[in-house]
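# Residue-level structure breakdown
If you want the building blocks of each chain, they are given just below.
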Amino acid sequence: MQNQEEGIIKIKNLNKWYGDFHVLKDINFNCNKKEKIVICGPSGSGKSTLIRCINYLENYQKGSIEVNNILLSENHNVIQKVRRQVSMVFQQFNLFPHLTILQNLTLAPIWVNHATKKEAEETAKYFLERVHISEQADKYPGQLSGGQQQRVAIARSLCMKPQVMLFDEPTSALDPEMISEVLDVIIELAEEGMTMLVVTHEMGFARKIADCVCFMDGGEIIEKNNPEDFFNNPENERSKLFLKQIIQN
Amino acid sequence: MKLSEINHKYQNLQYRKGVVGWIFKNLLSSPLNILLTFFSIYLLYLIIPATINWAILDAVWQGKSNKDCDFSGGACWFFIDARFNTIIYGFYPQEYLWRPNLVFAILAISILAVTTNILSAKLKIRFGVTALITLPFIIFIILKGSIFGIEILHPIVDTGKWGGLILTLILSLGGIMLCFPLGIMLALGRRCDSMPIVKYFCIAFIEFWRGVPLITILFMAAIMLPLLLPEGTQFDKLGRALIGIVLFEAAYIAEVIRGGLQAIPRGQYEAADSLNLTYWKKTGLIIMPQTLKLVIPGIVNNFIALLKDTSLVSIIGMWDLLNSAIGSTRDPKWIGFIIEAYVFAGIIYWIMCFGTSKYSQHLEKKLNTTN
């Protein structure tokens with residue numbers, strides 16, 4: 001079903017150990033342009049580690065990762081090239097607390113992409129508008145709610161004009177009433193055709209946006225399926241158990 | 001009345017409003033507190049009148065020579081007036097005092113410009129950076145009159161003649177300014193796991209300079225270093241002392257900054273990495289600004305300690321503020337006024353340290369962006 005030529009992220013036989021602990025076991029994974037893949041699974045199953053490998057925030061011992069036809073390696077220039085393609089939204093937002101929202105958004109475009117201040121600010125304001133938060137531009141991250149901070153973090157990622165966006169449990173650190181405002185922004189992005197990999201526990205959201213759901217457990221991808229089949233009649237016993245637990249809560 | 005009733009009435013006094021209530025609540029709430037209160041009052045009774053008598057009532061404010069002070073039993077403040085120039089300027093030639101005065105004025109204007117809101121934030125940063133780079137040279141040229149052997153002002157005043165408050169300021173401000181970049185590099189180097197040679201060099205440097213007393217370093221700089229250098233090499237004593245102070249202080253500042261670096265969450269590094277910032281941009285734009293803000297109290301603490309530690313240069317024969325003040329009393333005309341000398345020097349140190357401390361508190365408040 002998947003066309004190998006179109007794959008923007010290709011992961012082959014990826015293995016990673018923390019000391020003796022085998023975190024990622026022979027991961028094979030392919031993501032096409034404009035595809036939205038949701039990765040779920042119990043905590044400690046290696047989902048976050050997997051997407052953090054893609055922009056080399058984590059190293060790995062065996063296997064290969066290819067992003068937009070660039071083969072990731074330890075080489076500094078290669079890592080930079082790959083990071084230019086992908087950008088990441090973190091669980092803890094990781095905004096820069098000493099800079100205003102606008103400065104958070106313009107810092108990388110100015111210092112990495114050598115945009116002029118005016119260009120960078122225009123882009124930043126455009127994306128702040130997109131995440132419905134333009135009135136907060138001159139505040140500091142500490143003055144915003146969690147949901148607002150996460151939307152700013154999404155806007156900051158968008159300012160780098162990435163090909164792929166990685167979301168690492170974007171709503172797990174939020175109060176329940178703020179989750180939907182962040183998910184809505186991600187859904188809008190998805191509808192506009194952004195390629196994204198999302199690690200999440202929000203199953204309703206997963207069902208809405210995913211083209212494909214990966215279920216991970218114990219460092220392996222146990223099941224990879226379209227959302228319809230995954231949620232209605234999962235093939236694997238462990239996926240069944242996981243879904244049962246999640247839905248019960 | 002029963003004892004319990006008296007006790008009850010006494011307790012009620014504590015709930016009264018106003019001065020009475022306050023006194024019974026805070027000073028007289030228990031037998032031990034009553035005892036401590038009266039003991040403290042007795043101590044204050046011993047200290048305060050005696051101090052006021054010595055410093056103000058019995059003090060001699062005007063006079064011509066030490067003879068005017070002999071029988072008063074109070075402080076002899078005109079001794080300070082008579083030796084003021086020595087305490088502030090050391091042995092700087094009397095007829096060229098406009099040069100150190102100009103330096104004081106430049107320093108005062110710079111400090112005002114950077115610490116108050118006269119300039120806009122942007123201008124302030126520009127001015128601050130320019131001042132940091134150029135002021136050491138400007139001050140050196142004004143005081144010495146020459147640089148790199150080229151005479152600019154006449155006459156050239158050798159650094160050996162610099163002294164008093166101006167020397168203390170040069171050693172402490174120069175020391176803290178120069179030790180800063182070095183301290184930052186050492187702190188970063190010590191955390192650099194990917195380059196073990198750099199890392200272990202930084203550890204060795206820090207542990208060596210931190211483990212040696214400042215007096216030893218000054219002594220080595222003043223006396224041993226000239227013996228080790230090739231014959232005929234002339235190296236200024238003030239310069240040698242300053243280098244010693246800078247290396248010593250850098251080791252301390254490095255550890256203060258490293259403490260701050262450890263408090264920065266890993267997420268900040270990861271966010272900077274995923275935005276593709278290089279190591280130096282990440283450090284300069286994201287990590288250091290947050291670190292330096294965190295370690296303001298530690299840095300100010302070190303600066304205040306250094307300001308006072310510069311008085312140790314007296315053991316290598318330099319005439320800083322404290323040494324000049326004490327030295328003034330060795331003049332046969334002024335023997336016996338050492339208490340006044342210590343008190344006066346102490347007041348100057350205290351004003352400088354207290355001002356620094358207040359400013360750092362203000363800075364911490366201003367830079368706080370968390371709420």
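This text follows the structure it describes.
First things first, this report covers the structure right here in the doc.

Reading the values: the criteria
- Residues numbered from 1 in each chain as written.
- Chains lettered and ligands numbered in written order.
- Predicted model: local features only at pLDDT ≥ 70, side-chain atom pairs only at ≥ 80, totals over all residues.
- Heavy atoms only, no water.
- Helix = DSSP H or I, 4+ residues; strand = E, 2+ residues; numbered from the N terminus.
- Rg over C-alpha atoms; globule rule 2.2 N^0.38 Å.
- Buried < 20%, exposed > 50% of the residue type's maximum accessible area, 1.4 Å probe, protein only.
- Contact = heavy atoms within 4.5 Å.
- Areas by Shrake-Rupley, 256 points an atom, 1.4 Å probe, with all protein chains shown as cover.
- Lys, Arg positive; Asp, Glu negative; His and termini not counted.
- Charge placed at Lys NZ, Arg CZ, Asp CG, Glu CD.
- Core = buried A, V, L, I, M, F, W, Y, C linked by side-chain atoms within 4.5 Å.
- Axes fitted to C-alpha atoms, helices over the stretch in contact; angles between N-to-C directions.
- Parallel < 35°, antiparallel > 145°, perpendicular 65-115°, else oblique.
- Left-handed = near helix turned anticlockwise from the far one by under 90°.
- Nonpolar A, V, L, I, M, F, W, Y, C, P; charged D, E, K, R; others polar.
- Pairing = 2+ DSSP bridges.
- Salt bridge = Lys/Arg side-chain N within 4 Å of Asp/Glu carboxyl O.
- Buried area = accessible area lost by both parts, 1.4 Å probe.
- Patch = residues over 30% accessible without salt bridge, like charges linked within 9 Å, V, L, I, M, F, W, Y side chains within 5 Å.
- Expected span 1.5 Å × (residues − 1).
- Polar contact = N/O pair within 3.5 Å; in protein donor to acceptor, adjacent residues only side chain to side chain.
- Phe/Tyr/Trp six-rings, centres within 6.5 Å; stacked < 30°, edge-to-face > 60°.
- Lys NZ or Arg CZ within 6 Å of the ring centre and 35° of its normal.

All right, on to the overall build of chain B then. For chain B, the helix and strand inventory stands at 16 helices and two strands. In summary, chain B has a C-alpha radius of gyration of 27 Å against a globular reference of 21 Å for 371 residues, an excess of more than 25%. Dimensions of chain B, computed from the C-alpha atoms along their principal axes, are close to 85 × 70 × 45 Å. A total of 371 residues make up chain B; the buried ones form 42% of that total. Across chain B, every contact between residues at least 6 apart in sequence was considered, and the portion connecting residues at least 24 apart equals 64%. Total accessible area on chain B is roughly 21300 Å²; 69% of this is exposed by carbon and sulfur atoms.

Take the overall build of chain A next. Along its length, chain A carries nine helices and ten strands. Against the compact-globule benchmark of 18 Å for 249 residues, chain A has a radius of gyration of 18 Å, which places it among compact chains. Projected onto its principal axes, the C-alpha positions of chain A cover 55 × 45 × 35 Å. Counting across all 249 residues of chain A, residues that qualify as buried make up 58%. Here the contacts in chain A between residues at least 6 apart in sequence split such that 65% fall between residues at least 24 apart. For chain A, the exposed area adds up to about 11300 Å²; of that, 45% sits on carbon and sulfur atoms. Of the charged side chains in chain A, 27 are positive and 32 negative; the average position of the first set lies 5 Å away from that of the second.

Turning our attention to the nonpolar core. Counting 129 residues, the largest nonpolar core has I11(A), L14(A), F29(A), I39(A) and L197(A) as its most contacted members. The element contributing the most residues to this core is helix α11 (residues 237-262) of chain B, with 13 residues. Those residues in contact with L14(A), other than ones at most four positions away along the chain, are L24(A), K25(A), D26(A), I27(A), L50(A), C53(A), Y60(A), K62(A), G63(A) and I65(A).

All names here are of chain B. Where helix α6 (residues 98-115) meets helix α8 (residues 164-190), the axes come as close as 11 Å, and the angle between the chain directions of the two elements is 45°. Taken together, α6 and α8 sit at an angle that is classed as oblique. Classified by chirality, the crossing of α8 by α6 is left-handed. Here P100, V103, F104 and L107 of α6 come into contact with α8, specifically with L165, I166, L169 and L173. The residue inventory of the contact of α6 with α8, partitioned by class, reads eight nonpolar, no polar and no charged.

So, about the sheet that holds strand β2 (residues 21-32) of chain A. All names here are of chain A. A sheet is described by the order of its strands in space; here four strands give the open sequence β2-β1-β4-β5, paired in antiparallel fashion. Edge strands, defined here as strands with exactly one partner in the open sheet, are β2 and β5 (70-71). Set on the sheet, helix α1 (residues 47-54) makes contact with β1 (7-18), β2 and β4 (62-67); between it and β1 the angle comes to about 120°.

It is possible for side chains bearing opposite charge to pair when their charged atoms get close. Residues and elements named next belong to chain A. Per the counting criterion, the structure on display carries 16 salt bridges over all chains. For E181, the salt bridge goes to R151, with nearest N and O atoms at 3.0 Å. One end of the pair, E181, is in helix α6 (residues 176-191); the other, R151, is in helix α5 (residues 146-158), with 30 residues separating them in the sequence. By relative accessible area, which is 24% here, E181 ends up partly exposed. Among the residues examined, R151 registers a relative accessible area of 8% and is labelled buried. Measuring nitrogen to oxygen at the nearest pair gives 3.4 Å for the salt bridge that ties D217 to R238. Here the residue D217 occupies a position in strand β9 (residues 212-217), and R238 occupies one in helix α9 (residues 237-248), the gap between them amounting to 21 residues.

This next bit is on the interface of chain B and chain A. Taken residue by residue, the interface counts 21 residues in chain B and 25 residues in chain A. Contact with chain A buries area across many residues of chain B, yet L275(B), N276(B) and T369(B) alone supply 32% of it, more than any other trio. At the surface where chain B touches chain A, the tally comes to one salt bridge. With its nearest N and O atoms 2.6 Å apart, the salt bridge here joins E270(B) to R52(A). Elements represented by at least two residues in the side of chain B that touches chain A include exactly α12 (266-274) and α13 (279-294) of chain B. For the side of chain B that touches chain A, the element with the most residues is α12(B), which contributes eight residues. Of the residues assigned to the side of chain B that touches chain A, the class counts are seven nonpolar, nine polar and five charged.

In this section: a nonpolar patch on the surface. A cluster of nonpolar side chains, F39(B), Y42(B), L43(B), L44(B), Y45(B), L46(B), I47(B), I48(B), I52(B), I56(B), L57(B) and W61(B), forms an exposed patch at the surface whose accessible area comes to about 1300 Å². With respect to the helices and strands, Y45(B) occurs in helix α3 (residues 31-57).

All right, on to the pairing of β1(A) then. All names here are of chain A. Note that β1 and β2 share eight bridges and pair antiparallel. Note on β2: the bridge partner recorded for G7 is N32. Bridging between β1 and β4 involves five bridges; their strand directions are antiparallel. The residue of β4 that forms the bridge with I9 is V67.

The subject of this paragraph is α11(B). The α-helix winds at 3.6 residues per turn, so residues separated by three or four positions along the chain end up facing the same way. Residue and element names in this part refer to chain B. Under the 1.5 Å per step criterion, the end-to-end length of α11 is 38 Å for 26 residues, consistent within 8% with the ideal 38 Å. Within α11, 19 of the 26 residues are buried, leaving the element largely enclosed by the surrounding structure. In this structure D236 caps α11, since a side-chain oxygen of it lies 3.0 Å from the backbone nitrogen of L238.

Turning to the packing of aromatic side chains, a few remarks are in order. Residue and element names in this part refer to chain A. Applying the stated criterion across every chain yields a total of 18 aromatic pairs over all chains. Through a chain of ring-to-ring contacts, the aromatic side chains of F215, F230, F231 and F242 assemble into a single cluster. Taking NZ or CZ as reference, R156 lies 4.6 Å from the ring centre of F96, over its face. The cationic tip of K224 hangs over the ring face of F29; the distance from NZ or CZ to the ring centre is 5.1 Å.

Moving on: the environment of S311(B). Residues and elements named next belong to chain B. You can see S311 is positioned in the loop between α14 (296-309) and α15 (321-328). By relative accessible area, S311 is classed as buried at 18%. Among residues more than four places away in sequence, those in contact with S311 are D320, L322 and Y349. From its side chain, S311 meets the backbone oxygen of K308 in a polar contact 2.6 Å long.

Residues and elements named next belong to chain A. Of note in the backbone geometry, D26 takes a positive phi value of approximately 45° without being a glycine. With respect to the helices and strands, D26 occurs in strand β2. Positive phi values are uncommon outside glycine, yet N69 reaches one of about 65°. Among the secondary structure elements, N69 is positioned in the loop between β4 and β5. Assessed through its relative accessible area of 54%, N69 is described here as exposed.

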